[in-house]
Structures are given as structure tokens and as C-alpha cells.
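# Geometric and topological summary
Letter by letter, the chains look like this.
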Amino acid sequence: ADSALTVSFQATLVLPRSAQAPTEVVGRYPLVLFFSGIGDPGGFAKLNLERLRDIAPEPFVLAAPFRARGVWWAISDDGAWGWCDGDFLPIEVRRLAAWARTLASSAPGAVDAGRVVLLGFS
């Protein structure tokens with residue numbers, strides 16, 4: 001794989017606290033992609049997975065990419081004013097979009113490609 005196109009990430013199946021752990025894939029789960037804010041390296045570092053279990057209405061797959069060093073997702077500057085001073089990086093949008101499409105389609109029996117959610121904070 002071309003390392004320039006690679007996205008490192010963490011992923012897990014989030015089960016509502018009341019749910020029993022499945023022994024096999026029992027349906028197609030929504031896919032939630034979490035993008036962290038400035039100053040956070042990405043992944044699950046700023047997420048409280050136990051709290052997500054408390055509020056999850058149904059099981060879902062959660063994936064959180066790690067940010068490339070020096071950029072803020074698709075902006076060329078990850079400094080305090082990078083969102084304003086940085087340049088837009090279309091190649092980063094294509095890389096992250098390809099990653100999202102791959103996750104949504106790579107497990108057709110496990111992920112519901114019609115229910116993909118992107119969220120984050122800054």
C-alpha cells in the first residue's frame with residue numbers, strides 16, 4: 001500500500017451497556033467516524049468509550065483516525081490559528097474519503113454503508 005494514502009486508526013464495536021456481547025456479527029451496524037480536534041493526535045484519546053456505551057441506542061462500529069503530523073485533517077497547519085492560516089489540502093480530503101469508503105464497504109455483512117456518520121469537535 002502507498003504509505004501516503006494510508007490512514008492509521010483505531011476501531012471498535014460499541015455495544016449499549018444493556019446489550020450482550022455478540023459471539024458473531026448479528027447484523028449490519030452503523031459506522032461512526034470520529035475526527036478529533038486541534039491539539040489531539042486522534043484515535044480514541046479524547047473519547048470516553050464507557051460513556052458512549054451508556055448513551056448508545058444501538059450497537060455501532062466506531063473508527064477514529066490518527067492525524068498526520070503537521071496538518072489538521074485537510075488543512076496544512078495544525079497550529080492554534082491553522083484553521084484560519086492554513087491551506088486547504090484536497091489530497092487529504094481524497095485520502096480520508098477513500099478510507100471512509102473502504103471501511104464502509106470492506107465488511108459488507110457487518111457495516112451498513114447507508115448509515116455512515118462523521119463527527120468531531122474542535
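Note that the structure is a prediction, hence the values are computed from the model and not measured.

It is worth spelling out the side chain of Asp40 at this point. Position of Asp40 among the secondary structure elements: in the loop between strand E2 (29–35) and helix H1 (49–55). In this structure, Asp40 is buried with no salt-bridge partner, the nearest side chain bearing the opposite charge being Lys46 at 5.6 Å. For Asp40, the contacting residues outside a window of four places in its chain are Ala45, Lys46 and Arg67.

Quick look at unusual backbone geometry now. The phi torsion at Trp73 lies on the positive side, around 55°, for a residue other than glycine. Mapped onto the secondary structure, Trp73 falls in the loop between strand E3 (60–65) and helix H2 (82–85).

On to the packing of aromatic side chains. Across all of its chains, the model carries five aromatic pairs by this definition. Judged by centre distance (5.7 Å) and plane angle (35°), the ring pair of Phe34 and Phe121 falls under tilted. Separated by 87 residues along the polypeptide, Phe34 in strand E2 and Phe121 in the segment after strand E4 (111–120) bring together distant segments of the chain. You can call Phe34 buried: its relative accessible area is 3%. For the pair Phe35 and Trp99, a centre-to-centre distance of 6.3 Å together with 85° between the ring planes defines the contact as edge-to-face.

Attention now moves to the environment of Trp81. Among the structural elements, Trp81 can be located in the loop between E3 and H2. Taking the relative accessible area as the measure of exposure, Trp81 reaches 54% and is therefore exposed. Between the alpha carbons of Trp81 and Ile38 there is a distance of 9.7 Å; along the sequence they are 43 residues apart.

Next up on the list: the confidence of the model for the chain. Averaged over every residue, the pLDDT of the chain is 87; residues scoring 70 or more account for 90%. Averaged pLDDT values for the elements of the chain fall to 86 in H2 and rise to 96 in E3.

Taking 1.5 Å of rise per residue, 17 residues should cover 24 Å, and helix H3 (residues 90–106) covers 24 Å from first to last C-alpha, within 8% of that figure. Buried residues of H3: Glu92, Arg95, Leu96, Trp99, Ala100, Leu103 and Ala104, and no others. All buried residues of H3 fall inside an arc of 165° around its axis, so they share one side. In H3, the exposed positions angled more than 90 degrees off the buried face are occupied by Arg94, Arg101 and Ser106.

Thresholds, definitions, all that
Residues numbered from 1 in each chain as written. Predicted model: local features only at pLDDT ≥ 70, side-chain atom pairs only at ≥ 80, totals over all residues. Heavy atoms only, no water. Helix = DSSP H or I, 4+ residues; strand = E, 2+ residues; numbered from the N terminus. Buried < 20%, exposed > 50% of the residue type's maximum accessible area, 1.4 Å probe, protein only. Lys, Arg positive; Asp, Glu negative; His and termini not counted. Salt bridge = Lys/Arg side-chain N within 4 Å of Asp/Glu carboxyl O. Contact = heavy atoms within 4.5 Å. Phe/Tyr/Trp six-rings, centres within 6.5 Å; stacked < 30°, edge-to-face > 60°. pLDDT = per-residue confidence, 0-100. Expected span 1.5 Å × (residues − 1). Arc of directions from axis to C-beta.

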